[in-house]
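# A look at the structure
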Amino acid sequence: MNELETIRHSAAHVLATALLELWPEAQFAAGPPVEQGFYYDVDLPHRVSPEDFPKIEAVVSRILSEKQPFVREVISRDDAQAMAERGELAALAPRPTPSVFKLDILKGIPEGETITLYRNAAFTDLCAGPHVADTGKIGAFKLTHVASAYYKGDEKNPQLQRIYGTAFATQAEMDAHFAMLEEAKKRDHRKLGKELQLFTFDEDVGPGLPLWLPKGTVLIEELEKLAKETEFAAGYQRVRTPHIAREKLYKTSGHLPYYAESMFPPMELKEDADDKEPVRYYLKAMNCPHHHKLFAAVPRSYRDLPLRFAEYGACYRYEQSGELFGLMRVRAMQMNDAHIYCTAEQFASEFRAVNEMYLKYFKIFGIEKYRMRFSTHDPAKLGQKYVDEPELWKKTEEMVRNVLVETGVDFVEVPNEGAFYGPKIDVQVWSAIGREFTLATNQVDFAVPARFGLEFTTSGNTKETPLCIHRAPLGTHERFIGFLIEHFAGDFPLWLAPEQVRILPVNPECNAEAEALAAELRGKSIRAAVDGSRDKLGAKIRLAQVEKTPYMVVLGKNEVANRQLSVRSRKHGDLGVIDRAAFFSRIESEISERAL
RNA sequence: GCCGCUUUAGCUCAGGGGUAGAGCGACAGUUUUGUAAACUGUUGGUCGUCGGUUCGAAUCCGACAAGCGGCUCCA
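First, a word on what this report is: a plain description of the structure on this page. (Residues numbered from 1 in each chain as written. Chains lettered and ligands numbered in written order. Predicted model: local features only at pLDDT ≥ 70, side-chain atom pairs only at ≥ 80, totals over all residues. Heavy atoms only, no water.)

### Considerations on helix α3 (residues 77-85)
- Within the span of α3, buried status applies to Ala80, Met83 and Ala84. What you see down the axis of α3 is that its buried residues fit within an arc of 100 degrees, all on one side.
- Residues of α3 that are buried make contact with β4 (70-75), α4 (100-108), β5 (115-120) and β6 (123-126).
- Of the residues one or two after α3, Gly87 is the one with positive phi, at around 70 degrees. (Buried < 20%, exposed > 50% of the residue type's maximum accessible area, 1.4 Å probe, protein only. Helix = DSSP H or I, 4+ residues; strand = E, 2+ residues; numbered from the N terminus. Arc of directions from axis to C-beta. Contact = heavy atoms within 4.5 Å.)

The structure is reproduced here in C-alpha cells:
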C-alpha cells in the first residue's frame, strides 16, 4: 500500500468511526482504498443519502482534529472471534449483535496468518493495516457518493450500502483532484456525443440501441476504411453474414448453454404448415458460428491456410439493463471481427501478427494508456465454465504466453477469466470518468471448430481440425468510438473529423464563392461545409471552434479577388493566407497519413 | 437483474397544491460584417408515462419507463 492508499484506508476507518457515532448499530464489511478514494461497505437500516454527508463530515472533521493515534495490536484468532461475537469489531463498544461480516472475514483468514486489530480512540476494527500514525495525517476528507454493492460481490449475498469518499494529505491535492474530475466530465462521450451530434438514443427504439447521426456515421465509416485497408494488406478476406440464425447453429457452437442469458430471446415461427414445433431463430450475439459455416462451405486444404475471414459484424446482446452505459455498453454493436483458421504450426506467427496489428492501431490513435490482460482457465472448472480439454488449454496458453513474452508487451495474467473455448487477451482502457473497459479482444479457440466438424486436408492426405483465432483489435464501433470521443475530447484528428473544413464567408456576398469552394473540396473527398449565416466572422469562428472543426477557411473579397485562402486551424489559430493548391495538398496529405 | 438517486422548452438549468420561467438555440427583421458571441422581436413545454389523493396536481403518493451512481456481467 502506498502513502496515499494508506491515508485513504485510514480515512475509511474514520468514516466508520463517524458512522458509528451516528448509528451505533451499523455493521461493516470491507473498507479498502480505491483508485479515486476509498469506500466502506455498511449494513444499516437507515438509508444514507448525500443529505447525511454534512452531518457525517462534521463528525469526521472533529476526529481528524483530535489526531487520534492508530494503534496496531496482534491478537489470537480465538480472541478476535470472541470480540466479533460480542459485536466489538468495527465498533466503538460491545454490542448486542455480533459483527457478522467481520466474523465471516475472520473465517477467510488462512490458518497461521497474524491477525491484527487497529484502534483509533474507541473504534476497533479487524484490519491488516497499515495506517497513518494518527487521524491528523488525513489532511483532506470528503464523501462523494453512496451506492449499493453485494457483499463480496455475489448477487446471492445481501446488498450493502457502499459509501464512497476520498482523502488526501493536503487540501490543495484534493482541490486539484476535483478540478481534474470536472475536466474529465467535459470529455464524457455521452455529453460530447450529444453536443457534437454524433449519436442518440430513443426510448421507442429501445435502451442500449444507439442511433448514429450523420456525423457519428462518418466516424464509423472512417474506422471501417482503416480496418479494411489494414486487413486487406494482412491477407484477410472479407465476408458477409446475416444477423440471425436458427437455434441449431448456437447449439452446434455450444454458445446456448453458456450464453443464452446474454442473447435476445428467440423469434419463433412455423416454417411449414404442418410443422408441429416452431423453429427458433436467434439474433446473433457473435459472428464466429457464421464464419465457421463459411469455412465448412468449401473443402479446405492445408494450402488454403491460414484462412482469414473478416467482417464488421452486427451483433445483439441482451445486456442487463443496469449495465448499459452510453456507447460503452450497448445491446446492438458492430464488431471489428475476424476469424483466422490455421494449423498449430502457424499459430504462433498468426497470433504474433494479430498482436502487431493491435500495436499498429494504437499508434495511429495515439493510445498509450492501456493494459493487455491475458486470461487463462481454471483447471477446477473444466467441463463447467471451460471445455474439458486439459491438454489443449495448457498447450495454447503456453503458446500465447510465449508470443506475449517474445513481443515484449506488458501484460498481466488473470486466471479463471478465459472464454469457454480458449484463453484470450483483452486490451483494457479507462473511460474519462475512470471506469475500466475491454476495448479489444484476441481469443484462441481450440474447441468450437471441432464442434462444427471443421477440417482441412493435410499434406499427408489426412484430415485435421484447424485452430481458430478470434480477434477484434478495434473492438466494436460503439465502444471504440465512445473511447475515441473521450480520448480526443471530441477534437478528432483531421482524417476522422466529421466536418473537416468549414468555409466562413466574411459577408453573404461571398456565399456563392464559398459554396463553389466547398463543392471543389467535396470533389476531393474532403468533408467541407459553408457557414452561410448572417453572423459576423467572429461568431462564425467561435461556432466552428466550439463544434471542433479542424480547419476554417475565411473567404472575403480579398481572397475572392486573388484566388487565395485565409486558413485557420482549430488548434493553432490563424495560419495566414495560403494559395489554394497548397491548402489542398496540405490537408490531403494530413488525411492520407492519418496524422494525429 | 439488484440497491439508491434523477426526469421541467432542441440544449443547460431555475421554480413549485390555484394549469410555468431564464440563458443559449431556432425563426423573422435590422445591421454588410475580417479571426472565439451585433441588435430587436417572435417562437417554443399535457413539467417522462399511467394511475391515485384533492374542489383543483407539473407540484403530494404509487406503479412503470428511461437515464445517472454502483454491484454482478462483458466488446
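### Structural notes on the packing of aromatic side chains
- Tallying each qualifying case throughout the model produces 23 aromatic pairs.
- A centroid spacing of 6.3 Å and a plane angle of 70 degrees characterise the contact between Phe374 and Phe411, whose relative ring orientation is edge-to-face. In this pair, Phe374 is assigned in strand β18 (residues 371-375) and Phe411 in strand β19 (residues 411-414), connecting sequence segments 37 residues apart.
- For Phe374, a relative accessible area of 0% puts it in the buried group.
- Take Phe411: its relative accessible area is 25%, and that puts it in the partly exposed class. (Phe/Tyr/Trp six-rings, centres within 6.5 Å; stacked < 30°, edge-to-face > 60°.)

### Looking at the sheet that holds strand β14 (residues 279-283)
- In spatial order, the strands read β12-β14-β13; together these three strands make up an open sheet with antiparallel pairing. At either end of the open sheet lies a strand with only one pairing partner, and these are β12 (244-246) and β13 (267-269). Adjacent strand axes in the sheet meet at a mean angle of 30 degrees, parallel and antiparallel pairs treated alike.
- Taken together, the three bridges between β12 and β14 define a ladder with antiparallel strand orientation. Its bridge partner lying in β14, Arg246 is registered against Tyr281. (Pairing = 2+ DSSP bridges. Axes fitted to C-alpha atoms, helices over the stretch in contact; angles between N-to-C directions.)

### As for the nonpolar core
- Membership of the largest hydrophobic core comes to 85 residues, with the highest contact counts inside it found for Leu223, Phe347, Phe365, Leu484, Phe492 and Leu496.
- Broken down by element, the residue count for this core peaks at nine residues, all from helix α11 (residues 344-365).
- Residues in contact with Leu484, not counting those within four places in the same chain, are Leu223, Phe365, Ala489, Phe492 and Leu496.
- With 34 residues, the next largest nonpolar core counts Ala16, Ala18, Leu19 and Phe53 among its residues. (Core = buried A, V, L, I, M, F, W, Y, C linked by side-chain atoms within 4.5 Å.)

### A word on the protein's contact with RNA strand B
- In the vicinity of RNA strand B lie 58 residues, with Gln159, Glu323, Arg329, Thr438 and Glu559 positioned nearest.
- Contacts to RNA strand B include Tyr164, whose side-chain N or O atom sits 3.4 Å from a sugar or linking oxygen.
- Arg479 is positioned such that a nitrogen or oxygen atom in its side chain is 3.2 Å from a base oxygen of RNA strand B.
- Mapped by element, the contributors of at least two residues to the surface near RNA strand B are β7 (140-150), β8 (159-168), α6 (189-195), β21 (436-445), α16 (537-546), α17 (557-562) and β28 (564-569).
- When residues of the surface near RNA strand B are assigned to their parent elements, the largest contribution, six residues, is made by α16. (Near = heavy atom within 4 Å. Polar contact = N/O pair within 3.5 Å; in protein donor to acceptor, adjacent residues only side chain to side chain.)

### Section: the pattern of salt bridges
- Per the stated rule, a full pass over the model turns up 39 salt bridges.
- The salt bridge partner of Arg86 is Glu88, with a shortest N-O separation of 2.6 Å.
- Residue classification places Glu88 among the buried positions, given a relative accessible area of 16%.
- Of the charged contacts, one joins Arg401 and Glu413 as a salt bridge, the two residues approaching to 2.8 Å between their closest N and O atoms. (Salt bridge = Lys/Arg side-chain N within 4 Å of Asp/Glu carboxyl O.)

### Looking at the sheet that holds strand β22 (residues 456-457)
- An order of β15-β22-β23 is seen for the three strands of this open sheet, with the pairing classed as mixed. On the outer flanks of this sheet lie β15 (300-301) and β23 (463-464), each paired with one strand and no other.
- Both β22 and β23 contribute to a ladder of two bridges, which runs antiparallel. Bridging across to β23, Thr457 finds its partner in Lys463.

### As for the pairing of strand β16 (residues 307-316)
- For β16, the buried fraction is high: nine of the 10 residues fall into the buried class.
- Alignment of β16 against strand β17 (residues 332-342), held across 10 bridges, turns out to be antiparallel. Across the sheet, Gly313 pairs through a bridge with Met335, a residue of β17.

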